[in-house]
Amino acid sequence: MWQPEIETMPREAIRELQWIRLQKTLGHIAENAPVQSKLLNDSGVELGDLRSLDDVQKLPFSEKKIFHEQYPFGLFAVPRDKIARLQGTSGTTGKPSMGGYTKSDLEVWKDLIARLCMSAGVCRGDLAQISFGYGMFTGGFGLHQGLEHMGVCVLPMSSGQTEKQLMMMEDMGSTILVSTPSYALYLSEAVRERGIIDRLKIRIGLFGGEGCTPEMRQQIENNLGIIATNNYGLCEMTGPGVSGECIERNGLHFAEDHFYAEIIDPESGRILPEGEPGELVLTSLTRECLPLIRYRTRDITCITNEPCACGRTHARMSPTLGRSDDMLLIRGMNVYPSQIESALITQNHIGPHYLLIVRREGFMDTLEIQVELIDGAVLEKFSILERVQKDIAQEICNVLGLSVKVTLVAPKTIERFQGKAKRVVDLR
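Owing to the predicted nature of the structure, the values given are computational and were not obtained by experimental measurement.

What counts, and where the lines are drawn
Residues numbered from 1 in each chain as written. Predicted model: local features only at pLDDT ≥ 70, side-chain atom pairs only at ≥ 80, totals over all residues. Heavy atoms only, no water. Axes fitted to C-alpha atoms, helices over the stretch in contact; angles between N-to-C directions. Helix = DSSP H or I, 4+ residues; strand = E, 2+ residues; numbered from the N terminus. Parallel < 35°, antiparallel > 145°, perpendicular 65-115°, else oblique. Left-handed = near helix turned anticlockwise from the far one by under 90°. Contact = heavy atoms within 4.5 Å. Nonpolar A, V, L, I, M, F, W, Y, C, P; charged D, E, K, R; others polar. Core = buried A, V, L, I, M, F, W, Y, C linked by side-chain atoms within 4.5 Å. Buried < 20%, exposed > 50% of the residue type's maximum accessible area, 1.4 Å probe, protein only. Phe/Tyr/Trp six-rings, centres within 6.5 Å; stacked < 30°, edge-to-face > 60°. Lys NZ or Arg CZ within 6 Å of the ring centre and 35° of its normal. Pairing = 2+ DSSP bridges. 1 Å grid on protein atoms, 1.4 Å probe; cavity = no way out; pocket = protein on both sides within 12 Å on 5 of 7 lines; lining within 4 Å. Points joined across faces, edges and corners; volume = space filled by probe spheres on them. Expected span 1.5 Å × (residues − 1). Salt bridge = Lys/Arg side-chain N within 4 Å of Asp/Glu carboxyl O.

(A) Local environment of the packing of helix α10 (residues 337-345) against helix α11 (residues 382-400). Direction vectors running N to C along α10 and α11 enclose 140°, while the axes themselves pass 10 Å from each other. Put simply, α10 runs oblique to α11. As α10 runs across α11, the sense of the crossing is right-handed. Seen from α10, the contacting residues are Gln339, Ile340, Ala343 and Leu344; seen from α11, they are Ile392, Glu395, Ile396, Val399 and Leu400. When its residues are assigned to classes, the contact of α10 with α11 shows seven nonpolar, one polar and one charged.

Below, the structure written as structure tokens:
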């Protein structure tokens, strides 16, 4: 373990530390973060009203829109000369959400990454090939600095240039792959096609930046012969390092000494009991530059406090099941892309790449699922095509209770993504 005295703290001690740090964070906000302070004041809750950690639920939520309203620096709680780094989201739908870091924030971040990497089985002597994009995205720099901090050699490939990725993976003897799961799947297909698996030394995948279904993980592991682990983070809460899987791979351990996690009903905001899936809400407990209270992540997951076989005592979250704002409402049914992905990967004759196309015909919503065939020759065999289409449609109906149109397309015709995959086209 990277920080065994922290990672194995008794539950009571964790909560006591969280309570102490929450009070300090609220004081920091009151003195130095006017926007967050106004949110607290407008809620009508006095800091003196908080008597225990359970009273966090009395505090107001913060949401992504405040990053747009206060762009670029309105949420920062330190002066400009104390900011050591700026990073943020891609801003593909408008202005990015900007995150700032003091020197202390960066040191904490290094430890968070080292903690999750070591829990996943990474050790000194490994060589980590980082195939995340660099730049404003927190994933590349976050994993880079944490891996170096724990003594791992880093190969900063960034994303793209698949042929060069594979060449360097082979020539350098990379043992760790850091990427989104969709890009790892893309690389793993290239490895399989080239028949070079025996020349590679990759043993562990550190995957984040998007959801990864168990079926996708299994396919990556089969193609590369590795152990694939998930980690979770978001720019608004530092970046990667909020939680990560240990070698038991039975949930992602939170860094509870730095983040307080809740699960709420996305509609009512009501706190849900342990083990029930809902929207993840996070409160930062040690962030200097960008302290946030009860930030709604929109990610759907569940939390357990049950002991883990690895010996770590911090709460664990399930891999994200989807996003409350990515959920598709089709003919009154709630549909998550991850549900469809899990159903597709179990089917014969088709690959892992798919596209969901939602249309409105008259007053009715329709869902078309485009799926790639593994063997293009199947396109010439009508009886097989018909059976595959019926099997997929039936499986989707079993899972979702929804009839869909299934379109089988030739291999390599659905766009590949070197970063986060785009699976939905909503034409309504």
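(B) Inspection of the packing of helix α9 (residues 214-224) against α10 at higher detail. As a packed pair, α9 and α10 sit with axes 8 Å apart at the nearest point and diverge in direction by 45°. Accordingly, the angle class assigned to the pair α9 and α10 is oblique. Side by side, α9 and α10 meet where Glu215, Met216 and Gln219 of the first sit next to Glu341, Ser342 and Ile345 of the second. Across the contact of α9 with α10, the residue classes tally to two nonpolar, two polar and two charged.

(C) Main features of the nonpolar core. Formed by 27 residues in total, the largest nonpolar core has its most connected members in Tyr232, Met237, Val242, Phe254, Leu280 and Leu282. Where this core is concerned, the elements lending two or more residues are α4 (65-69), β7 (227-234), β9 (252-254), β10 (259-264) and β11 (278-284). With sequence-adjacent residues up to four places away left out, Leu282 is seen in contact with Tyr232, Leu234, Met237, Val242, Phe254, Tyr260, Ala261, Leu292, Ile293, Arg294, Tyr295 and Thr297. Grouped together as the second largest cluster of nonpolar side chains are 25 residues, Ile340, Leu356, Leu373 and Val378 included.

(D) Representation of the packing of aromatic side chains in the model. Across all of its chains, the model carries six aromatic pairs by this definition. A ring pair is formed by Phe67 and Tyr295, whose centres lie 6.0 Å apart and whose planes are at 85°; its orientation type is edge-to-face. Separated by 228 residues along the polypeptide, Phe67 in helix α4 and Tyr295 in strand β12 (residues 295-301) bring together distant segments of the chain. Considered together, Phe67 and Tyr295 belong to a single accessibility category, that of buried residues. Between the aromatic rings of Phe132 and Phe137, the centroid separation amounts to 5.2 Å while the plane-to-plane angle is 75°, which identifies the pairing as edge-to-face. Residue Phe137 is classed as partly exposed on the basis of its relative accessible area, which comes to 33%. The ring of Tyr101 has Arg287 sitting right over it, with the charged end atom 4.7 Å from the ring centre. Here Arg423 stacks its cationic end above the ring of Tyr354, 4.6 Å away from the centre of that ring.

(E) Structural context of the sheet that holds β11. Spatially, four strands are ordered β10-β11-β12-β15 in an open sheet, and the strand pairing comes out antiparallel. Strands with a single pairing partner mark the edges of an open sheet, and in this sheet they are β10 and β15 (322-323). In terms of strand pairing, β10 meets β11 through six bridges, oriented antiparallel. When the bridges of β11 are listed, Ile263 appears paired with Leu280.

(F) Molecular detail of empty space enclosed by the protein. Within this structure, the stated rule accounts for four cavities of 30 Å³ or more. Within this model, the largest cavity holds a volume of roughly 130 Å³. Lining of the largest cavity is provided by 15 residues; of these, Glu7, Arg115, His253, Phe254 and Ala255 occupy positions nearest its centre. Secondary structure elements with two or more residues in the lining of the largest cavity: α5 (103-119), β8 (239-245) and β9. The residue makeup of the lining of the largest cavity, split by class, is six nonpolar, six polar and three charged. The calculated volume of the second largest cavity comes to roughly 80 Å³. Surrounding the second largest cavity, Tyr101, Asp105, Val108, Trp109, Leu112, Thr238, His258, Phe259, Thr286 and Arg287 form its lining. Of the residues forming the lining of the second largest cavity, the biggest block, four residues, is contributed by α5.

(G) Quick look at helix α2 (residues 11-32). Helix length check: α2 (22 residues) gives 31 Å between terminal C-alpha atoms against 32 Å at 1.5 Å per residue, within 8%. Looking only at α2, the buried set comprises Ile14, Gln18, Trp19, Leu22, Thr25, Leu26, His28 and Ile29. Buried residues in α2 make contact with α3 (34-42), β10 and β11.

(H) Summary view of the layout of surface pockets. Space inside the second largest pocket adds up to approximately 420 Å³. Lining the second largest pocket are 21 residues, and of these Arg15, Tyr260, Ala261, Glu262 and Asn305 lie nearest its centre. Of all the secondary-structure elements, those providing two or more residues to the lining of the second largest pocket are α2 and β10. Considering every element that reaches the lining of the second largest pocket, the biggest residue donor is β10, with four residues. In terms of residue class, the lining of the second largest pocket is made up of ten nonpolar, four polar and seven charged.

(I) Here's a closer look at the pattern of salt bridges. Counting across every chain of the model gives 21 salt bridges. Of the charged contacts, one joins Lys58 and Asp55 as a salt bridge, the two residues approaching to 3.5 Å between their closest N and O atoms. You can call Asp55 buried: its relative accessible area is 13%. Note that Lys64 is salt-bridged to Glu236, the shortest N-O span being 2.9 Å. Of this pair, Lys64 sits in the loop between α3 and α4 while Glu236 sits in the loop between β7 and β8, placing them 172 residues apart in sequence. It is possible to trace a salt-bridge network through shared partners that takes in Glu63, Glu279, Arg296 and Arg298.

(J) Broad picture of the sheet that holds strand β20 (residues 405-409). Pairing is mixed across the open sheet formed by four strands, whose spatial order is β20-β19-β18-β21. Bordering the open sheet on either side are β20 and β21 (424-426), each of which pairs with just one other strand. Between one strand axis and the next, the sheet turns by 20° as a mean value, whatever way the strands run.

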